[in-house]
Amino acid sequence: MSYRLTQNEADAVFAELLKKFDIYAPHRHVCAGRYSDDDIVKYDKVESLSDVEYKKKSDYPMKEVISPIQQALFYFTEDEYRESKVSSRPILIFARPCDINAQKIQARIYAGNGGFTDSYYERMKDRVKYILMDCEGGDDNCFCVSMHTNKTDNYSLAVKFHEDGSLFVKVKDQDFDNYFQEIKEIEFEPEFVNKNELKVTVPVIKDHETLNKLKAHPMWNEFNSRCISCGACTIACSTCTCFTTKDIIYGDNPEVGERRRIESSCQVDGYTTVAGGISYRKTAGEKMRFKMLHKFHDYKERFVDSDMCVGCGRCTARCPQFISITTTLDKMSKAIEEIEKGEV
Amino acid sequence: MNQDINIKTLQKNCFRQSKVPGVFLLQMRVPGGYVSAEMLEIVKHISETWGDGNFHFGTRQTFDVCGIKYQDVPAVNEYLEKYIKSVEEDVCGVDMDLIAGEKVGWNPKAGYPTIGARNITACIGNYHCVCGNVNTFELARKIEGIIFPSHYHIKINISGCPNDCNKAHLCDFGIIGVAEMEYHPDRCIGCGLCARTCEKGSTRVLTLNEETGKIEKDTCCCVGCGECARVCPASAWTRKEEKYYRVIIGGRTGRQTPRTGKMFLNWASEDVVLSVLKNWQNFSAWVMNYKPEYLHGGHLIDRAGYKKFKEIMLEGVKLNPECLVAEDIYWHETEYRSNFNVKPLSLHHTAGPQDKK
Ligand code: SF4
Ligand code: SF4
Ligand code: SF4
Ligand code: SF4
Ligand code: SF4
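Residues numbered from 1 in each chain as written. Chains lettered and ligands numbered in written order. Predicted model: local features only at pLDDT ≥ 70, side-chain atom pairs only at ≥ 80, totals over all residues. Heavy atoms only, no water.

Engineer: Residue-level account of helix 2 (residues 39-49) of chain B, with values.
Structural biologist: All names here are of chain B. Taken residue by residue, helix 2 has Met-39, Ile-42, Val-43, Ile-46 and Ser-47 as its buried positions. Viewed end-on, helix 2 has its buried residues packed into an arc of 125°, placing them on one side of the element. Turned more than 90 degrees away from the buried face of helix 2, the exposed residues are Glu-41 and Glu-48. Considering only its buried residues, helix 2 is in contact with strand 2 (23-28), strand 4 (63-69) and helix 3 (73-91). (Buried < 20%, exposed > 50% of the residue type's maximum accessible area, 1.4 Å probe, protein only. Helix = DSSP H or I, 4+ residues; strand = E, 2+ residues; numbered from the N terminus. Arc of directions from axis to C-beta. Contact = heavy atoms within 4.5 Å.)

Laid out in structure tokens, this is it:
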């Protein structure tokens, strides 16, 4: 069932929802961008509809709500430990199709990958329902259509914000019917983007030999001088799941403290450093190669039906060195072509 | 060529004497060094009609047109009306009828009424620069009407960040945009990039605490450059929305006592900077016994002494709570001639009203 709510009606429904749910949405932080006077849009807990930034695609992904940049896993004292607690209140998240689809990809890594289920991810994910935000086409970094992530039916409500403050709502999940009882029904279906300016073809790596040759291809050298290994691309990525853990000791007793998990990235220096100070991937080119192949080969090889990318384009948008993931993909395609023709 | 020319009057009109008798250079003000490209048409016309067909970027970001003949000055002035009205009145909101705040009346066909204060220079600031913390030319435009037109001189340089590309340290009143930084530990992944960047290019005030994986900061010495926010991959450092400024005074070049300026205010709000500058006329007038001379600001501060300068400049100014003021200033200058400063009392300059004598 669908409705058109006036601004007042929409505010009233929102206020009702707040009684039951923690609501998260993209929120604009004025002047908090990388450069002076630039804003940043990131996910926050919101208290009113006017807090929701629906026009600009968020700079940081929705995943931050479910797997925050930092979280306490458990607290320990000598031989005992206690898991961290989270609220049991259900969560509603305003999200675009790309961000919702990214959770399908993340869930596979967190739940069941290698026979282990990440309970910290699960306990958050289980609380979440989505409010699909009508995406009017994103920006010139988006390529969700190429990644087949432009559509989703994983939502409870779908909304479209109108300039005049009114709100179109489709209620898909009956649990929400009672919030709209007094309101007249109309026809409304969410629309999905069906064309991006940017089109990408993910290259097919047909066998192990091609893969090995691609790994050794000189195309990666370019990044040794361009990429500064800052990790901004992966922090902004809707699908990246890598993290590291750290034990924080309270005061001077090394037996008392907490274990924290903190987002990390294959792009950052030190990520592959192991005991003895040895590092698997030292150069920026090697790190870039790992990221690209992980996203556009390894993941699919394991989980078959998709790559580890929803085409949100945030990595390109946040890279301070203007390294475009889609151009890098094109370079990969070209390198594979050369390999197949026997040129390298 | 036998010509009787009052070059002082011409200088006030912004025409500078050249090596060749009867030939002058016109200096056109460009507040903040930023102006619509349309204005280049005017510069072009003046230069091709009355000048030598070229122009020079003045060291204070003016358009300088060389080779203007004395007899053409009235025609040039008449033509300048368009430029002055557009740049000074429309863009900067300057009241051209006032000189140092007093109603004098400006003849728009007679060119610039005064050469003081000197053109306010600025780097491009955050309008373009990835390091910038403030919009430098917008600030210049707000200041223009406070200090110009006036017969009192002051050189103001504005830099968008502590990199100080525009040498706020080498003018009477240098203004540097500084950012107050906020740290959000919940967003910090402990990569240490901000600390390495601060160490390499700034003040080495950040350290990554290996125990906590978080950043610690020695707040006393942060210069507010904003580099940490620029490099942080996770927006764990952000600039506060409010803009702040550092004010450097008394810097100068010159034949006698060149020196780098020293910090007068730190973390001043825009309001504070503007209201301090509103006292500049009073201060200059007081030092020079109410008779303007061609003397730059730094020398006036020397004559009055820093404490007197501070007293007059802060009169009626409501400082923002973050603002810090130098208690004293310890100058460090190059004395080209040793002990040049030690001389008979009769040669000493005076400061302040002299009626009592
Ligand atoms: S790799 Fe880039 S485009 Fe793909 S999901 Fe991550 S941020 Fe989005
Ligand atoms: S990636 Fe697609 S769904 Fe996401 S913002 Fe861009 S166009 Fe919209
Ligand atoms: S690709 Fe860009 S954002 Fe990613 S690590 Fe390299 S420089 Fe940083
Ligand atoms: S002073 Fe700062 S803002 Fe101005 S140009 Fe230099 S680096 Fe950029
Ligand atoms: S650069 Fe950002 S994420 Fe890295 S240590 Fe500094 S504040 Fe933390």
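Engineer: Lay out the environment of Trp-106 of chain B in plain terms, naming residues and giving numbers.
Structural biologist: Residues and elements named next belong to chain B. If you trace the backbone, Trp-106 turns up in the loop between strand 6 (102-103) and strand 7 (121-122). For Trp-106, a relative accessible area of 12% corresponds to the buried category. Placed 159 residues apart in sequence, Trp-106 and Leu-265 show a C-alpha to C-alpha distance of 35 Å. When sequence neighbours within four positions are dropped, the list of residues in contact with Trp-106 reads Ile-84, Lys-85, Glu-89, Met-96, Asp-97, Gly-111 and Pro-113. One polar contact links the side chain of Trp-106 to the main-chain carbonyl oxygen of Gly-111, over a distance of 2.8 Å. (Polar contact = N/O pair within 3.5 Å; in protein donor to acceptor, adjacent residues only side chain to side chain.)

Engineer: Describe the side chain of Asn-209 of chain B, and please don't skip the residues or the numbers.
Structural biologist: Residues and elements named next belong to chain B. With respect to the element layout, Asn-209 can be found in strand 11 (residues 206-209). Among the polar contacts made by the side chain of Asn-209, one reaches the main-chain amide nitrogen of Thr-212 at a distance of 3.3 Å. At a separation of 2.7 Å, a polar atom in the side chain of Asn-209 contacts the side chain of Glu-216. Setting aside its immediate chain neighbours within four residues, Asn-209 contacts Lys-214 and Glu-216.

Engineer: Please give an account of the site of ligand 4 that cites residues and values.
Structural biologist: Lining the immediate environment of ligand 4, one finds Cys-123, Gly-125, Cys-129, Cys-131, Gly-132, Gly-160, Cys-161, Asn-163, Asp-164 and Cys-165 of chain B. A per-class count over the shell around ligand 4 returns 5 nonpolar, 4 polar and 1 charged. (Near = heavy atom within 4 Å. Nonpolar A, V, L, I, M, F, W, Y, C, P; charged D, E, K, R; others polar.)

Engineer: Talk me through the sheet that holds strand 12 (residues 256-263) of chain A; I want residue IDs and the actual numbers.
Structural biologist: Residues and elements named next belong to chain A. The 4 strands lie next to each other as 5-4-12-11, forming an open sheet whose pairing is antiparallel. Single-partner strands in this sheet number two, and they are strand 5 (80-83) and strand 11 (243-249). Neighbour-to-neighbour, the strand axes of the sheet open up by a mean angle of 25°, direction not taken into account. Relative to strand 12, strand 4 (residues 70-77) runs antiparallel, the two sharing 7 bridges. Bridging from a neighbouring strand, Gln-70 pairs with Ile-262 of strand 12. (Pairing = 2+ DSSP bridges. Axes fitted to C-alpha atoms, helices over the stretch in contact; angles between N-to-C directions.)

Engineer: Please give an account of the sheet that holds strand 1 (residues 15-17) of chain B that cites residues and values.
Structural biologist: All names here are of chain B. As summarised here, the arrangement of the 4 strands in space is 1-2-4-3, forming an open sheet in which the pairing is antiparallel. Two strands bound the open sheet, and with one partner strand each, they are strand 1 and strand 3 (56-57). Strand direction decides the pairing type here: strand 1 and strand 2, joined by 3 bridges, are antiparallel. Of the residues in strand 2, the one forming a bridge with Gln-17 is Phe-24. Strands strand 2 and strand 4 of the sheet are contacted by helix 2, whose axis makes an angle of about 20° with strand 4.

Engineer: Describe the site of ligand 5, naming the residues involved and giving the relevant values.
Structural biologist: Taken together, 13 residues lie around ligand 5, and Cys-188, Cys-191, Gly-192, Cys-194 and Cys-232 of chain B are the ones closest in. A breakdown of the residues in the shell around ligand 5 according to their chemical character gives 11 nonpolar, 2 polar and no charged.

Engineer: Requested: an account of the nonpolar core, with residues and values cited.
Structural biologist: Core analysis: the largest hydrophobic core is formed by 44 residues, its most contacted members being Leu-5, Ile-66, Ile-93, Phe-94, Tyr-130 and Phe-180 of chain A. When residues no more than four places from it in sequence are discounted, the contact partners of Leu-5 of chain A are Ala-10, Val-13, Ser-166, Leu-167, Val-169, Phe-180 and Ile-183 of chain A. Listed in part, the 43 residues of the second largest apolar core include Phe-264, Tyr-306, Phe-309 and Ile-329 of chain B. (Core = buried A, V, L, I, M, F, W, Y, C linked by side-chain atoms within 4.5 Å.)

Engineer: Could you give an account of the interface of chain A and chain B, with specific residues and numbers?
Structural biologist: Counting residues at the interface gives 26 residues for chain A, matched by 27 residues for chain B. In total, about 2100 Å² of surface goes out of reach between chain A and chain B, with carbon and sulfur atoms giving 52% of it. There are 2 salt bridges connecting chain A and chain B. Across the pair Arg-187 of chain B and Glu-64 of chain A runs a salt bridge, and its minimum N-O distance is 2.8 Å. (Buried area = accessible area lost by both parts, 1.4 Å probe. Salt bridge = Lys/Arg side-chain N within 4 Å of Asp/Glu carboxyl O.)

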